[in-house]
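If you want the building blocks of each chain, they are given just below.
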Amino acid sequence: MGRTLLTILGVILAIWLVFTMLGWLFSLLKLFVIVGMVAAVIYLVVTLVAKSSKGR
């Protein structure tokens, strides 16, 4: 009885851990996408400012 209970508890803990890790991975991916978009916007702004001031 105790072994069965511990096995069920272990399976529930493993499933919880998998879903927690998936949440972390999706959060990390979202962070990387946002940082990449901000970096791309900054790159575009710096490039446009450099080209516009070069012509003057």
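Bear in mind the structure is a predicted one, so any value in this text is a computation, not a measurement. (Residues numbered from 1 in each chain as written. Predicted model: local features only at pLDDT ≥ 70, side-chain atom pairs only at ≥ 80, totals over all residues. Heavy atoms only, no water.)

A.B. asks: Looking at this structure, I do not really get the overall build of the chain. What am I missing?
C.D. replies: The secondary structure content of the chain amounts to one helix and zero strands. For the chain, the C-alpha radius of gyration of 24 Å lies well beyond 10 Å, the compact-globule estimate for 56 residues. For the chain, buried positions account for 2% of its 56 residues. If you sum the accessible surface of the chain, you get close to 5500 Å²; carbon and sulfur atoms cover 82% of it. (Helix = DSSP H or I, 4+ residues; strand = E, 2+ residues; numbered from the N terminus. Rg over C-alpha atoms; globule rule 2.2 N^0.38 Å. Buried < 20%, exposed > 50% of the residue type's maximum accessible area, 1.4 Å probe, protein only. Areas by Shrake-Rupley, 256 points an atom, 1.4 Å probe, with all protein chains shown as cover.)

A.B. asks: Explain a nonpolar patch on the surface to me, please; I cannot follow it from the model alone.
C.D. replies: On the surface, a cluster of nonpolar side chains totalling about 1000 Å² of accessible area is made up of Val11, Ile15, Val18, Phe19, Leu22, Leu25, Phe26, Leu29, Val33 and Met37. By the secondary structure assignment, Met37 is in helix 1 (residues 2–54). On the basis of relative accessibility, which here comes to 54%, the residue Met37 falls in the exposed class. (Patch = residues over 30% accessible without salt bridge, like charges linked within 9 Å, V, L, I, M, F, W, Y side chains within 5 Å. Salt bridge = Lys/Arg side-chain N within 4 Å of Asp/Glu carboxyl O.)

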